[in-house]
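Residue-level structural notes
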Amino acid sequence: MILKNNLILQMGDIKLILLNQNHNDELTKLAGNAKIWEYAPEDFYKPEIFKNKWLDKAINQMDENKRACFVVLYNDQITGTSSYYDIDMDNKTLNIGYTWFHPDYWGMKINAISKLILIDYAFNSLKFNRVGFCVDSINQRSCSALKKLGIKQEGVLRNHLILSNGRIRHSVVFSVIYEEWPEIRKIITKNAEILCK
């Protein structure tokens, strides 16, 4: 594990804790809404697929130090997850992804503040140089959300992935670098404050 198991990242009523087996049942229940997985490579809303291809994968990648998966809580209620992945300790870069929230929490401050917490920790505590995001090009909701937060689009990886349904995915790459973070942090904070009103 690249992070301590008891790590808790918190800002106000949003708390991020590292995934463990105790979260399985509640996450599986939350993940049962098909709307969450509109652009996903698998039918993760089906409990057996979510467990075998999402939860088990997350736990295994954490054991192999390839990923740090956080459960996101709002007022101590689990709302979804987000992860650090593609962690490159030598070059001090990582990606944030595998992010999903139950639709009951869409349009709230949770996504913006979760990103704020994770990016801030990557730059200020882990001392990384770059935080990236890789989004399916047809997922305009996620692309628009990142742009709204001031996160810069770098380009498109064409024919990047072949999904289980045979569709070829183009991936849009976004990033924040250390030098940009103070200004982008202000934009994300302002967006989160607007959502709180």
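Residues numbered from 1 in each chain as written. Predicted model: local features only at pLDDT ≥ 70, side-chain atom pairs only at ≥ 80, totals over all residues. Heavy atoms only, no water.

**Remarks on helix 3 (residues 110–124)**
The line we're drawing: To qualify as a helix, a DSSP run of H or I must reach at least 4 residues; to qualify as a strand, a run of E must reach at least 2; elements of each kind are numbered from the N terminus. The span you would expect from a helix comes to 1.5 Å times its residue count less one. Relative accessible area decides the class of each residue, using a 1.4 Å probe on protein chains only: under 20% of the type maximum gives buried, over 50% gives exposed, and in between gives partly exposed.
Its 15 residues place the ends of helix 3 21 Å apart at the C-alpha level, agreeing with the 21 Å of an ideal helix rising 1.5 Å per residue. The buried fraction of helix 3 amounts to 13 of the 15 residues, a majority that puts the element mostly inside the structure.

**Side note on helix 2 (residues 47–63)**
Cut-off, in case you're wondering: Bend, in this description, refers to the angle at a residue between axes fitted to the seven residues ending there and the seven starting there.
For helix 2, spanning 17 residues, the distance from its first C-alpha to its last is 22 Å, which sits close to the expected 24 Å at 1.5 Å a residue. D56 marks the point of greatest bend in helix 2, at about 30°. Along helix 2, the positions that sit buried rather than exposed are I49, F50, W54, L55, A58, I59, Q61 and M62. N65 occupies a position one or two residues after helix 2 and carries a positive phi of about 60°.

**A closer look at unusual backbone geometry**
Located in the positive-phi region is K92, a residue other than glycine, with phi close to 55°. Considering the arrangement of structural elements, one finds K92 in the loop between strand 4 (77–88) and strand 5 (93–101). The phi torsion at K127 lies on the positive side, around 65°, for a residue other than glycine. On the accessibility criterion, K127 (54% relative accessible area) is exposed.

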